[in-house]
Amino acid sequence: STNVAITTLLVSRSNNFSKAETEEMIKLLSQTFNALSFNGFSIRKMKVDPKRNLREVTEEKVGVGIYSISSLINHNCSPNAIALFEGSKITIKATKNIAKDEHIEISYGPLYGKNGIHARRSFLRKYKFVCSCLSCLEE
(Lines give C-alpha, C1' and ligand atoms only; values in the text may rest on other atoms or scores of the structure.)
Protein backbone atom coordinates (compact mmCIF):
# COMPACT_ATOMS: atom_id res chain seq x y z
CA SER A 1 0.00 0.00 0.00
CA THR A 2 0.98 3.65 -0.27
CA ASN A 3 1.33 3.94 3.52
CA VAL A 4 3.79 1.03 3.66
CA ALA A 5 5.82 2.52 0.79
CA ILE A 6 6.03 5.92 2.50
CA THR A 7 6.95 4.32 5.82
CA THR A 8 9.64 2.16 4.20
CA LEU A 9 11.09 5.16 2.39
CA LEU A 10 11.22 7.30 5.54
CA VAL A 11 12.77 4.61 7.72
CA SER A 12 15.25 3.42 5.07
CA ARG A 13 16.69 6.96 4.76
CA SER A 14 18.14 6.64 8.25
CA ASN A 15 21.33 4.60 8.66
CA ASN A 16 21.15 4.72 12.45
CA PHE A 17 19.06 1.58 12.89
CA SER A 18 19.76 -2.12 12.62
CA LYS A 19 17.79 -4.20 10.13
CA ALA A 20 15.62 -5.61 12.94
CA GLU A 21 14.94 -2.11 14.34
CA THR A 22 14.10 -0.83 10.85
CA GLU A 23 11.66 -3.72 10.26
CA GLU A 24 10.01 -3.13 13.66
CA MET A 25 9.61 0.61 12.96
CA ILE A 26 8.11 -0.13 9.53
CA LYS A 27 5.64 -2.54 11.17
CA LEU A 28 4.63 -0.04 13.89
CA LEU A 29 4.29 2.90 11.51
CA SER A 30 2.30 0.77 9.09
CA GLN A 31 -0.06 -0.26 11.92
CA THR A 32 -0.46 3.41 12.88
CA PHE A 33 -1.30 4.42 9.31
CA ASN A 34 -3.83 1.57 9.09
CA ALA A 35 -5.43 2.56 12.42
CA LEU A 36 -5.83 6.12 11.18
CA SER A 37 -7.23 4.93 7.84
CA PHE A 38 -9.76 2.49 9.29
CA ASN A 39 -10.58 3.89 12.75
CA GLY A 40 -9.83 7.57 12.44
CA PHE A 41 -12.46 10.29 12.42
CA SER A 42 -12.11 13.21 10.06
CA ILE A 43 -12.23 16.21 12.35
CA ARG A 44 -14.24 18.86 10.56
CA LYS A 45 -14.95 22.51 11.21
CA MET A 46 -18.36 23.77 10.14
CA LYS A 47 -18.37 26.97 8.09
CA VAL A 48 -21.43 29.15 7.61
CA ASP A 49 -21.32 32.13 5.27
CA PRO A 50 -23.81 34.68 6.72
CA LYS A 51 -24.17 36.27 3.27
CA ARG A 52 -25.52 33.01 1.88
CA ASN A 53 -28.45 30.83 2.84
CA LEU A 54 -27.82 29.53 6.37
CA ARG A 55 -28.75 26.06 5.15
CA GLU A 56 -25.64 26.08 2.99
CA VAL A 57 -23.11 24.90 5.53
CA THR A 58 -19.71 23.69 4.37
CA GLU A 59 -17.18 21.63 6.25
CA GLU A 60 -13.43 21.97 6.32
CA LYS A 61 -11.31 18.96 7.28
CA VAL A 62 -8.86 20.08 9.95
CA GLY A 63 -7.37 16.75 11.04
CA VAL A 64 -7.85 13.10 11.88
CA GLY A 65 -8.28 11.65 15.34
CA ILE A 66 -8.61 8.26 16.96
CA TYR A 67 -10.97 8.21 19.92
CA SER A 68 -10.78 5.15 22.18
CA ILE A 69 -14.55 4.59 22.49
CA SER A 70 -16.00 6.42 19.49
CA SER A 71 -13.67 4.62 17.06
CA LEU A 72 -15.38 1.36 18.03
CA ILE A 73 -18.84 2.48 16.80
CA ASN A 74 -20.12 0.51 13.82
CA HIS A 75 -21.45 1.86 10.53
CA ASN A 76 -25.04 2.06 9.31
CA CYS A 77 -26.21 3.86 6.16
CA SER A 78 -29.26 5.00 8.14
CA PRO A 79 -27.55 5.71 11.50
CA ASN A 80 -29.11 6.49 14.86
CA ALA A 81 -26.27 8.83 15.89
CA ILE A 82 -23.83 11.37 14.50
CA ALA A 83 -20.30 12.44 15.44
CA LEU A 84 -19.97 16.16 16.19
CA PHE A 85 -16.79 18.11 16.90
CA GLU A 86 -15.96 21.14 18.98
CA GLY A 87 -12.30 21.66 18.19
CA SER A 88 -10.84 18.19 18.57
CA LYS A 89 -13.41 17.09 21.19
CA ILE A 90 -15.84 14.49 19.81
CA THR A 91 -19.44 14.09 20.90
CA ILE A 92 -21.68 11.26 19.71
CA LYS A 93 -25.26 12.56 19.58
CA ALA A 94 -28.33 10.42 19.06
CA THR A 95 -30.42 11.44 16.04
CA LYS A 96 -33.35 9.23 17.03
CA ASN A 97 -34.45 7.22 20.05
CA ILE A 98 -32.12 4.29 20.75
CA ALA A 99 -33.58 1.26 22.55
CA LYS A 100 -31.82 -0.19 25.60
CA ASP A 101 -30.24 -3.14 23.73
CA GLU A 102 -29.82 -1.40 20.38
CA HIS A 103 -26.32 -0.62 19.07
CA ILE A 104 -25.25 2.98 18.56
CA GLU A 105 -24.37 3.36 14.87
CA ILE A 106 -22.96 6.21 12.80
CA SER A 107 -22.41 6.59 9.07
CA TYR A 108 -18.82 6.38 7.84
CA GLY A 109 -19.79 8.36 4.75
CA PRO A 110 -22.71 8.57 2.32
CA LEU A 111 -26.18 8.29 3.83
CA TYR A 112 -29.19 6.26 2.73
CA GLY A 113 -31.77 8.63 1.29
CA LYS A 114 -29.10 10.97 -0.09
CA ASN A 115 -26.93 8.45 -1.93
CA GLY A 116 -27.75 5.29 -3.84
CA ILE A 117 -26.42 1.89 -2.84
CA HIS A 118 -23.69 1.89 -5.50
CA ALA A 119 -22.24 5.20 -4.29
CA ARG A 120 -22.37 4.05 -0.66
CA ARG A 121 -20.71 0.70 -1.41
CA SER A 122 -18.04 2.34 -3.55
CA PHE A 123 -17.16 4.71 -0.70
CA LEU A 124 -17.15 1.94 1.93
CA ARG A 125 -14.71 -0.26 -0.04
CA LYS A 126 -11.83 1.58 1.60
CA TYR A 127 -13.02 0.18 4.95
CA LYS A 128 -12.77 -3.36 3.52
CA PHE A 129 -16.35 -4.43 4.13
CA VAL A 130 -19.68 -4.62 2.36
CA CYS A 131 -22.43 -2.93 4.32
CA SER A 132 -25.26 -5.22 5.31
CA CYS A 133 -27.41 -2.71 7.18
CA LEU A 134 -31.17 -2.96 6.70
CA SER A 135 -31.16 -0.05 4.21
CA CYS A 136 -28.62 -1.84 1.98
CA LEU A 137 -30.35 -5.20 2.25
CA GLU A 138 -33.72 -3.71 1.27
CA GLU A 139 -32.42 -1.54 -1.58
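(A) Spatial organisation of the packing of aromatic side chains. Taken as a whole and judged by the stated rule, the model has 3 aromatic pairs. Here Phe41 and Tyr67 contribute two aromatic rings whose centre-to-centre distance is 6.0 Å and whose plane-to-plane angle is 75°, an arrangement assigned as edge-to-face. Separated by 26 residues along the polypeptide, Phe41 in strand E1 (residues 41-48) and Tyr67 in the loop between strand E2 (57-65) and strand E3 (74-75) bring together distant segments of the chain. In terms of burial, Phe41 and Tyr67 fall into one category: buried. Under the relative-accessibility criterion, Phe41 is labelled buried at 11%. The rings of Phe41, Tyr67 and Phe85 are connected pair by pair, giving a single aromatic cluster.

(B) Focus on the side chain of Ser135. By secondary structure assignment, the location of Ser135 is in helix H4 (residues 134-138). In this structure Ser135 touches Cys77, Ser78, Tyr112 and Arg120, once residues within four positions along its chain are discounted.

(C) Broad picture of the side chain of Asn80. Along the chain, the position of Asn80 falls in the loop between E3 and strand E4 (81-86). Within polar-contact distance, the side chain of Asn80 engages the side chain of Glu102 at 3.3 Å. With residues near it in sequence (within four places) discarded, Asn80 still touches Lys93, Ala94, Thr95, Lys96, Ile98, Glu102, His103, Ile104 and Glu105.

Definitions and limits used
- Residues numbered from 1 in each chain as written.
- Predicted model: local features only at pLDDT ≥ 70, side-chain atom pairs only at ≥ 80, totals over all residues.
- Heavy atoms only, no water.
- Phe/Tyr/Trp six-rings, centres within 6.5 Å; stacked < 30°, edge-to-face > 60°.
- Helix = DSSP H or I, 4+ residues; strand = E, 2+ residues; numbered from the N terminus.
- Buried < 20%, exposed > 50% of the residue type's maximum accessible area, 1.4 Å probe, protein only.
- Contact = heavy atoms within 4.5 Å.
- Polar contact = N/O pair within 3.5 Å; in protein donor to acceptor, adjacent residues only side chain to side chain.

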